[in-house]
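Each chain, letter by letter, is given below.
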Amino acid sequence: MAALHMNISCLIFLQVLLLLLSLFAQTNAQGLKVGFYDNTCPKAEGIVKKSVLDAIKKDRTIGAPLLRMFFHDCFVRGCEGSVLLELKNKKDEKNAPPNLSLRGFEIIDNVKAAVEKECPGVVSCSDVLALLARDAVVALNGPSWGVETGRRDGRVTNINEARANLPSPFDNITSLITQFRSKGLDKKDLVVLSGGHTVGNGHCPLITNRLYNFTGKGDSDPNLDTEYAANLRGRCKPTDTTTALEMDPGSFKTFDKSYFKLVSQRRGFFQSDAALLDNQETKSYVLKQTKSYGSTFFKDFGVSMVKMGRIGVLTGRAGEVRKKCRMVN
Ligand code: HEM
């Protein structure tokens with residue numbers, strides 16, 4: 001009887017231990033945690049938030065590129081601020097083709113300068129990017145989430161790594177799934193994070209093949225709604241290299257779930273958006289978000305952003321906290 005009692009006590013003890021360990025693992029994933037600067041720079045998050053609100057008040061279209069910037073940082077070498085570094089020979093990530101349309105670098109400089117003034121050498125550029133992305137989404141009426149912080153900044157940037165690691169708007173679903181999987185993100189993260197295209201613009205040359213010459217016979221993409229294709233042809237001439245169009249017409253400055261409605265109507269802007277209908281799991285997610293009730297997109301977006309924010313982070317004593325985001329210390 002006593003032995004049985006011992007066994008049960010041991011079991012309960014082990015279960016409590018496991019629960020505590022798993023809680024610890026969740027709150028401490030890779031050394032990141034929500035509120036990392038609560039003691040070392042308690043005003044940091046407030047400073048970032050205010051700067052974003054001020055910037056968006058002046059120009060609401062700046063929110064989308066700030067969100068995109070975090071994605072482009074995380075997919076190349078992990079979320080460690082390498083997208084911000086500049087090399088004299090220009091062989092940095094910034095100069096890779098997908099990054100040439102990034103905007104908002106001055107805002108990052110300003111936010112970083114303000115945070116440095118408050119607490120010198122404490123808050124990393126990579127964390128500034130993570131906070132900016134969340135605050136930009138909130139400012140555009142989207143969801144909020146607890147941003148894990150505690151990242152440190154890398155010291156390396158390489159143009160070829162950006163070329164190799166950023167998904168292309170011409171990618172098909174198999175390629176997208178593989179690329180996201182290689183970053184530890186699953187199909188749900190892919191479809192949820194693609195919902196970021198509910199805000200912002202895309203440039204004509206990235207869709208002219210869909211409009212004019214999809215298979216080399218002067219045809220358009222059969223996966224693009226014909227009426228929408230005609231509308232886009234009116235605004236993107238075959239040789240137009242400069243015009244940027246709203247990816248979510250009507251609400252491209254508002255973070256909402258209309259992206260999924262567009263994709264379901266074969267009005268996704270890029271082939272990579274349309275491709276979400278080519279896999280059972282991503283398609284069923286898209287369709288679920290189009291219902292008036294039961295959309296989980298806002299909640300899911302925060303969860304997937306936190307997951308993306310953990311890619312390849314540097315923590316503890318790795319890397320450094322850059323003084324200026326464009327250069328290593
Ligand atoms: C799934 C793979 C993805 C591909 C292939 C892709 C591709 C692109 C491309 C080509 C543009 C237009 C760039 C331009 O012409 O200026 C764009 C814009 C944008 N992307 Fe993505 N993207 C992907 C995923 C994401 C993710 C995960 C996010 C964030 C969570 C995101 C956020 C944005 C935003 C906000 C814009 C608008 C930027 C602006 O207005 O300047 N994208 N994306």
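Keep in mind that this is a model prediction, so the values were computed, not measured.

Moving on to the domain arrangement of the protein. Domain boundaries assigned for the protein yield domain 1 (34-165) and domain 2 (173-304). Here the C-alpha centroids of domain 1 and domain 2 sit 24 Å apart. Of the roughly 1300 Å² buried between domain 1 and domain 2 on both sides combined, carbon and sulfur atoms contribute 75%. Sorting the residues of domain 1 by area buried against domain 2 places F75, L140 and P143 first, and these three jointly supply 37% of that buried surface. For the pair domain 1 and domain 2, the number of links is four residue pairs in polar contact (both at pLDDT 80 or more). Sort the elements by how many residues they give to the side of domain 1 that touches domain 2 and helix α3 (residues 63-74) lands first, with three residues. Per-class residue counts for the side of domain 1 that touches domain 2 are eight nonpolar, five polar and one charged.

What follows concerns the coordination of the iron atom of the ligand. Only one protein atom coordinates the iron atom of the ligand: H197 (NE2), located 2.1 Å from the metal. One can find H197 in the loop between α8 (187-194) and β3 (201-203).

A few words on the site of the ligand. Residues in contact with the ligand amount to 26 residues; listed here are only the nearest, A64, H197, G200, N201 and H203. Of the residues belonging to the shell around the ligand, the class tally is 15 nonpolar, 10 polar and one charged. When we break the shell around the ligand down by domain, the ones giving at least three residues each are domain 1 (34-165) and domain 2 (173-304).

In this section: the UniProt feature "binding site: Ca(2+) 2" (unreviewed entry) in the protein. UniProt records the feature "binding site: Ca(2+) 2" (unreviewed entry) for T198, D248 and D256 in the present numbering. Taken along the chain, the residues just named run across 59 residues; in space they keep tight, none of their C-alpha pairs more than 9.7 Å apart. Note that D248 resides in the loop between β4 (244-246) and α11 (258-264). In this fold, D256 is placed in the loop between β4 and α11. Look past the residues within four positions of D256 in its chain and what remains in contact with it is T198, D248, S251, F297 and F298.

Next up on the list: unusual backbone geometry. The backbone of R77 sits at a positive phi, close to 70 degrees, despite the residue not being glycine. Tracing the chain through its elements places R77 in the loop between α3 and α4 (105-118). Residue classification places R77 among the partly exposed residues on the basis of a relative accessible area of 40%. Residue K90 is not a glycine yet carries a positive backbone phi of 65 degrees.

In this section: the pattern of salt bridges. The tally for this structure, following the rule as stated, stands at 20 salt bridges. Between K49 and D135 there is a salt bridge, and its shortest N-O distance comes to 3.7 Å. Of this pair, K49 sits in helix α2 (residues 44-58) while D135 sits in helix α5 (residues 125-139); the two residues are 86 residues apart in sequence, bridging distant segments of the chain. A relative accessible area of 3% places D135 in the buried class. A salt bridge links K299 to D300, with the shortest nitrogen-to-oxygen separation between them at 3.9 Å.

In this approach, a probe sized like a water molecule rolls over the atoms, and the result shows the empty space that is left. By the definition in use, this model includes two cavities of 30 Å³ or more. Approximately 30 Å³ is the volume found for the second largest cavity.

Let us now look at the layout of surface pockets. As a volume, the largest pocket reaches approximately 1100 Å³. Put simply, the parts of the chain that give the lining of the largest pocket at least two residues each are α3, α7 (173-181), α8, β3, α12 (271-274) and α14 (297-308). In terms of residue class, the lining of the largest pocket is made up of 24 nonpolar, 13 polar and six charged. Formed jointly, the lining of the largest pocket draws a minimum of three residues from each of two domains, domain 1 (34-165) and domain 2 (173-304). Within this model, the second largest pocket holds a volume of roughly 170 Å³. Lining the second largest pocket are S51, D54, A55, K58, D59, I62, I107, N110, V111 and A114. Across the lining of the second largest pocket, the residue classes break down as five nonpolar, two polar and three charged.

Along the polypeptide, E281 turns up in helix α13 (residues 280-289). Sequence-distant contacts of E281, that is, excluding residues within four places in its chain, are made with K187 and K188.

On to the side chain of D225. Examined against the element boundaries, D225 turns out to sit in the loop between α9 (208-212) and α10 (226-235). By relative accessible area, D225 is classed as buried at 16%. In this structure the side chain of D225 is engaged in a polar contact, spanning 3.3 Å, whose partner is the backbone nitrogen of E227. A polar atom in the side chain of D225 sits 3.1 Å from the side chain of R267. In contact with D225, other than residues within four places in its own chain, are Q265, R266 and R267.

Parameters and conventions
Residues numbered from 1 in each chain as written. Predicted model: local features only at pLDDT ≥ 70, side-chain atom pairs only at ≥ 80, totals over all residues. Heavy atoms only, no water. Domains from an automatic or database assignment. Buried area = accessible area lost by both parts, 1.4 Å probe. Polar contact = N/O pair within 3.5 Å; in protein donor to acceptor, adjacent residues only side chain to side chain. Helix = DSSP H or I, 4+ residues; strand = E, 2+ residues; numbered from the N terminus. Nonpolar A, V, L, I, M, F, W, Y, C, P; charged D, E, K, R; others polar. Donors = N, O, S within 2.8 Å, 3.2 Å for Na, K, Ca; no water. Near = heavy atom within 4 Å. UniProt positions renumbered as here; feature names shortened; annotations may be inferred. Contact = heavy atoms within 4.5 Å. Buried < 20%, exposed > 50% of the residue type's maximum accessible area, 1.4 Å probe, protein only. Salt bridge = Lys/Arg side-chain N within 4 Å of Asp/Glu carboxyl O. 1 Å grid on protein atoms, 1.4 Å probe; cavity = no way out; pocket = protein on both sides within 12 Å on 5 of 7 lines; lining within 4 Å. Points joined across faces, edges and corners; volume = space filled by probe spheres on them.

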